[in-house]
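Results of the structural survey
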Amino acid sequence: MQDILEKAARIRLVIFDVDGVLTDGSLFIGDDGQEYKAFYSRDGHGMKILQASGVEIGIITGRTSEVVRLRMESLGIRHVYQGRMEKLPAFEDLLAATGVLAEEVAYVGDDIMDLPVMRRVGLAVAVQDAHTLVKKHSHWVTPNGGGRGAGRDTCELIMEAQGTLDAQLVPYLR
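Conventions we followed
- Residues numbered from 1 in each chain as written.
- Predicted model: local features only at pLDDT ≥ 70, side-chain atom pairs only at ≥ 80, totals over all residues.
- Heavy atoms only, no water.
- Helix = DSSP H or I, 4+ residues; strand = E, 2+ residues; numbered from the N terminus.
- Contact = heavy atoms within 4.5 Å.
- Pairing = 2+ DSSP bridges.
- Core = buried A, V, L, I, M, F, W, Y, C linked by side-chain atoms within 4.5 Å.
- Buried < 20%, exposed > 50% of the residue type's maximum accessible area, 1.4 Å probe, protein only.
- Salt bridge = Lys/Arg side-chain N within 4 Å of Asp/Glu carboxyl O.
- Expected span 1.5 Å × (residues − 1).

Residue placement: Thr61 occurs in the loop between strand S4 (56–60) and helix H3 (66–74). With residues up to four places along the chain from it excluded, the contact list for Thr61 reads Asp17, Val18, Asp19, Tyr81, Gln82, Gly83, Arg84 and Lys87.

With parallel pairing, 6 strands are arranged side by side in an open sheet as S5-S4-S1-S6-S7-S8. The outermost strands of the open sheet, each flanked by one partner alone, are strand S5 (79–81) and strand S8 (140–141).

To continue, consider the nonpolar core. Ranked by size, the top nonpolar core spans 50 residues in total, and within it Val14, Phe16, Met47 and Phe91 carry the most contacts. Sort the elements by how many residues they give to this core and helix H7 (residues 150–162) lands first, with 5 residues. When near neighbours in sequence (up to four residues on either side) are disregarded, Phe91 contacts Ile15, Ile60, Ala102, Val105, Val117, Arg120 and Val121.

With that settled, the discussion passes to the pattern of salt bridges. Across all of its chains, the model carries 11 salt bridges by this definition. Its salt-bridge partner being Asp17, residue Lys87 comes within 2.9 Å of it at the nearest N-O pair. Here Lys87, found in helix H4 (residues 87–98), pairs with Asp17, found in the loop between strand S1 (13–16) and strand S2 (28–29); they are 70 residues apart in sequence, far enough to count as distant. Like Asp17, Lys87 is buried. In this structure, the salt-bridge partner of Glu66 is Arg69, at a minimum N-O distance of 2.5 Å. Here Arg69 and Glu66 lie together in helix H3, a separation of 3 residues that amounts to about one turn. Within this structure, Asp19, Glu35, Lys37 and Arg63 form a network of salt bridges that share partners.

Next up on the list: H7. Helix length check: H7 (13 residues) gives 19 Å between terminal C-alpha atoms against 18 Å at 1.5 Å per residue, within 8%. For H7, the set of buried residues is Ala150, Gly151, Arg152, Asp153, Thr154, Cys155, Leu157, Ile158 and Met159. Phi turns positive, to about 75°, at Gly163, one or two residues after H7.

We now examine the environment of Gly62. In this fold, Gly62 is placed in the loop between S4 and H3. The class for Gly62 is buried, based on a relative accessible area of 19%. Sequence separation between Gly62 and Ile158 is 96 residues; the distance between their C-alpha atoms is 25 Å. Those residues within four positions of Gly62 in sequence are excluded, and the remaining contacts are Gly83, Arg84, Met85 and Lys87.

Everything listed here is a matter of geometry and, on its own, says nothing about what the molecule does.
Quick look at the structure:
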């Protein structure tokens, strides 16, 4: 675990996949074609306090959805790449846009299309219910599954490693 904490201490940018990571992977599509997703509120709050601690957040997802745009906007996440089945070009664009080095990035994924990016970052994270191959190529596996706390697990791991978690929790302990 010490190796994981050392990697997490260097992270300046966390990139999340959406389906299967920030959601449980279920896709609800109405008769009118409207897509619905369920996001776990604790993951969202973890993302907000991680940003407040000074770590940037990005999204790279294979699907395109208005609900993702709205959710990320509500969380103050500026770097959102949708419709990117090939995630590596979006990853390269995000590095250029932020000036962050690949070894300063954590990527949280669940399926094989996440592997090209996961294999290049400083901290590759698989959600607990990720594909076996994704777990094999990750540095750390979250205790919780996608859409069920994996995002919060990642945020808190990074803040703990960077010594910022307690400061982010103080306002809630007053």
